[in-house]
Amino acid sequence: MKLSLLPFLFILTAALIPLHAAPPNIVILFVDDLGYADIGPFGATKQKTPNLDRMAREGMKLTSFYAAPVCSVSRAQLMTGCYGARISVPGVYPPGSKNGLHPQERTIAEHLKENGYATQIVGKWHLGDQPSFLPTRQGFDHYLGIPYSNDMQKTARDSGQRVVPLLRDDKVVELLTEEDQTLIEERYTEEAVSFIRASKDRPFFLYFPHTAVHTPIHPGKAFQGRSQNGRFGDWVEEVDWSVGRVLDTLRELKLDQNTLVVFTSDNGPWLVKGEDGGSALPLRGGKGSTWEGGVREPSLAWWPSKIAPGSVCDAVAGTIDLLPTCVKLAGGTVPAEPIIDGRDISPLLFGQTKESQREAHYYFSSYNLQAVRQGPWKLALTQQSESLSKGIATDAKINPRLYNLDDEIGEQTNLADKHPEIVAKLQSLATRMSEDIGGNQPKSRRPAGEVENPQLLYPSSETAGGKKKNAPKTERQPPKELSALKPGDTLASDASPQIGGRGFTLSCTVETAQPDVILVAHGGLSAGYALHLRAGHVVFTVRYGGGESFTEITSPKSISGNAQITARLAKDRTMTLTINDEVVATAGAKSLIGRQPQENFCIGHDDAKPVTPYTAKAEFQGNINALQITTP
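Since this is a predicted model, take the numbers as computed values, not measurements.

> Would you explain the pattern of salt bridges in this entry?
Should the charged atoms of two oppositely charged side chains come close, the side chains can pair. Summed over all chains, the structure comprises 30 salt bridges. As a salt-bridge pair, Asp32 and Arg75 come within 3.6 Å of each other at their nearest N and O atoms. You can see Asp32 sitting in the loop between strand 1 (25-31) and helix 2 (50-58) and its partner Arg75 sitting in helix 3 (residues 71-80), a full 43 residues away along the chain. Pair check on accessibility: Asp32 and Arg75 agree, each one buried. Residues Lys287 and Asp33 are paired through a salt bridge, measuring 3.1 Å at the closest nitrogen-oxygen approach. Remark: Asp33 occurs in the loop between strand 1 and helix 2 and Lys287 occurs in the loop between strand 11 (259-265) and helix 7 (292-295); sequence separation between them is 254 residues. No difference in accessibility class separates Lys287 from Asp33, as the two residues are buried. Linked through salt bridges whose partners overlap, the residues forming this network are Asp32, Arg75, Lys124 and Asp266.

> What exactly am I supposed to notice about the packing of helix 5 (residues 184-198) against helix 6 (residues 230-252) here?
Angle between the axes and distance between the axes are the two parameters that describe a pair of packed helices. Their axes nearest at 10 Å, the elements helix 5 and helix 6 cross at an angle of 15°. With respect to helix 6, the axis of helix 5 lies roughly parallel. The handedness of the crossing between helix 5 and helix 6 comes out as right-handed. Residues Ile184, Glu185, Glu186, Thr189, Glu190, Val193, Ile196 and Arg197 of helix 5 lie in contact with helix 6, whose contacting residues are Trp235, Glu238, Trp241, Ser242, Arg245, Val246, Thr249, Leu250 and Glu252. Of the residues that constitute the contact of helix 5 with helix 6, the class distribution is seven nonpolar, three polar and seven charged.

> Sorry if this is basic, but what is going on with helix 6 here?
For an α-helix the count is 3.6 residues per turn, leaving residues at separations of three or four pointing the same way. For helix 6, which comprises 23 residues, the first-to-last C-alpha distance of 33 Å matches the rise-based estimate of 33 Å (1.5 Å per residue) to within 8%. Counting buried residues along helix 6, 17 of its 23 residues qualify, which places the element largely inside the surrounding structure.

> Is there a simple way to explain the sheet that holds strand 15 (residues 361-365) in this structure?
Hydrogen bonds along the backbone pair up the strands of a sheet, which may run parallel or antiparallel. The strand order 15-16-17-18 describes an open sheet built from four strands, whose pairing is antiparallel. Single-partner strands in this sheet number two, and they are strand 15 and strand 18 (401-404). Strand-to-strand twist across the sheet, computed as the mean angle between neighbouring axes with direction ignored, equals 20°. Bridge count between strand 16 (residues 368-374) and strand 17 (residues 377-380): four bridges; the pairing is antiparallel. Bridge pairing in strand 17 places Arg373 opposite Lys378. Against the sheet, helix 10 (residues 420-437) touches strand 15, strand 16, strand 17 and strand 18, its axis set at about 135° to strand 16.

> What should I look at first to understand the sheet that holds strand 21 (residues 504-511) in this one?
Pairing is antiparallel across the open sheet formed by five strands, whose spatial order is 28-27-26-21-30. Here the strands that pair on one side only, and so sit at the sheet edges, are strand 28 (582-588) and strand 30 (623-630). Adjacent strand axes in the sheet meet at a mean angle of 10°, parallel and antiparallel pairs treated alike. Summarising the sheet, strand 21 and strand 26 (residues 562-569) pair through eight bridges and their orientation is antiparallel. Bridge pairing in strand 26 places Glu511 opposite Asn562.

> Would you mind showing me how to read the side chain of Arg284 here?
Secondary-structure assignment places Arg284 in the loop between strand 11 and helix 7. A distance of 2.8 Å separates polar atoms of two side chains, one belonging to Arg284 and the other to Asp395. Within the structure, Arg284 has its side chain in polar contact with the backbone oxygen of Glu411 (distance 3.1 Å). If we ignore the near neighbours within four places in the chain, the residues touching Arg284 are Trp291, Glu292, Gly293, Gly294, Glu386, Ala393, Asp395, Gly410, Glu411 and Gln412.

> Help me understand the pairing of strand 8 (residues 162-168) in this model?
Put simply, side chains in a regular strand alternate between the two faces of the sheet. Burial of strand 8 is extensive: five of the seven residues sit out of reach of the surface. As paired elements, strand 6 (residues 142-145) and strand 8 share two bridges and run antiparallel to each other. Looking at strand 8, one finds that Leu144 is bridged to Arg168. Between strand 7 (residues 154-155) and strand 8, which follow one another and run antiparallel, lie six residues, and Gly160 among them has a positive phi close to 75°. With five bridges joining them, strand 8 and strand 9 (residues 171-176) adopt antiparallel strand pairing. Bridged to Leu167 within strand 9 is Val172.

> Could you clarify how one ought to interpret the environment of Arg54 in this entry?
If you trace the backbone, Arg54 turns up in helix 2. Judged by its relative accessible area of 32%, Arg54 is partly exposed. Sequence spacing of Arg54 and Lys306 is 252 residues, and the spatial spacing of their C-alpha atoms is 16 Å. Within the structure, Arg54 has its side chain in polar contact with the side chain of Glu58 (distance 2.5 Å).

Here is what the cut-offs are and how they apply
- Residues numbered from 1 in each chain as written.
- Predicted model: local features only at pLDDT ≥ 70, side-chain atom pairs only at ≥ 80, totals over all residues.
- Heavy atoms only, no water.
- Salt bridge = Lys/Arg side-chain N within 4 Å of Asp/Glu carboxyl O.
- Helix = DSSP H or I, 4+ residues; strand = E, 2+ residues; numbered from the N terminus.
- Buried < 20%, exposed > 50% of the residue type's maximum accessible area, 1.4 Å probe, protein only.
- Axes fitted to C-alpha atoms, helices over the stretch in contact; angles between N-to-C directions.
- Parallel < 35°, antiparallel > 145°, perpendicular 65-115°, else oblique.
- Left-handed = near helix turned anticlockwise from the far one by under 90°.
- Contact = heavy atoms within 4.5 Å.
- Nonpolar A, V, L, I, M, F, W, Y, C, P; charged D, E, K, R; others polar.
- Expected span 1.5 Å × (residues − 1).
- Pairing = 2+ DSSP bridges.
- Polar contact = N/O pair within 3.5 Å; in protein donor to acceptor, adjacent residues only side chain to side chain.

This is the structure we're talking about:
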């Protein structure tokens, strides 16, 4: 048998090169909504990715590399090395949000800048668009990009067109229409290459979070019609071209031997977009879920002098590990406080170990810890939706569920009854982490960034919350079929009671023996409301922003038998909970719900990002009758 010495030579070389010899350049390429099977090294065939294929041949495939279910939280985790729940970044920030990444959180860029690095971000930031949240306040020397998702368009006041802003540093330099977006990847790439050339004589950090392949899909003209997978495949191929330009520039300038390049994605594919979404096969689920397809990303690491070519690492790692890894490679030290969750994974990259550098990986959806993984074992603790705007599959309503991901990557066979000792071990880990940073009463959660009177970045005919300015108010009644809905039913948001910016009253009659269950839910991480039971007590939750921006009131006594429940958020922001004609709880909310929730209206469940961390573990059993929601 002939044995190749190449991997062993790379391990030996990596061990002999002192980290202080020359700080490496660091490039992080972060794609938006790219699925596990959307590039050649992970199985794509309809779109060609020759540059990523070469990157995999010359570097390492990371096959168990994790991000988060949705945009903002995923970027926060990469920037800070912390789970989003620890730093109060639960989901997605809309334009003009009052919340963002807290300025006191230290990013990769801030750490590297302190170690003499030039720093630049090119692309999508999505950690707050108010001045104190922008990248140039978080350690980056320069910025060029759309500060949030490319579908978050507002109507420009002057032109009347739907646009997104393009920022250079902290100033809006252009307002881009959808047609303009066909040039965005080319412009980003040229900016990235220019930065590399300008910084070639000093260590640099380039963070390149692509706008692609988030919808709306707008590949450049040179790539339109090139793939066999429609415009989605075309845009993947343009991303591959961009990667090639970056790597070729590093080779041309002879920087490749001292540059670490990491390629990954922020979350899984947006499956509900059909042909404009990608594929996570053979993983289950997609964007918005904590199934593997929602958070396990197609990832590559490349550093020709340090990472063995053609190597594969299946140890659990993720974006939270990039900060401690990069800081260590740069010769810096991550302080013990404040706590971060990531660990230095350079021993994995250099082939010195095959063991994960973390005790476990935790799958958060907002502040709700839904699963935990240690080695091959993944324990699901709660119901998990398949993706954004999709319901709960029948097998996902049974909890807990234990999967062996080495034996079955698709999460189909529940092994909980066969391995009770593993279930108990993982439940113990989950309980400890949830008590630390999850739920409503965490021990160690740090605050979100927040500003007063947030404004859109450019003159618009809409407010930050998305309403038309000075638009006449129209009174809309709830749909007549509302009272006919049964547990398990949903309504699309535009067909649901229109409660954005106004008071409303929710009433229904409930009969159930379950002490922890969802009754009515409408909304998600930034706007919505929910009526649910917690240990038999009725809870009315109103959410009007990310992080801790919600108010809830709870009945002092648990209910039994039939209960007539009325929950009211008045125009003056007074919240009232009435059970069987008796007012049992009141409170003052900080705000009305500023905009119409974008997620579905759900009876007996919450099918997307949860309005609040519920204690409900099982499908609703019982009756919900006479449901009504009225507005003044």
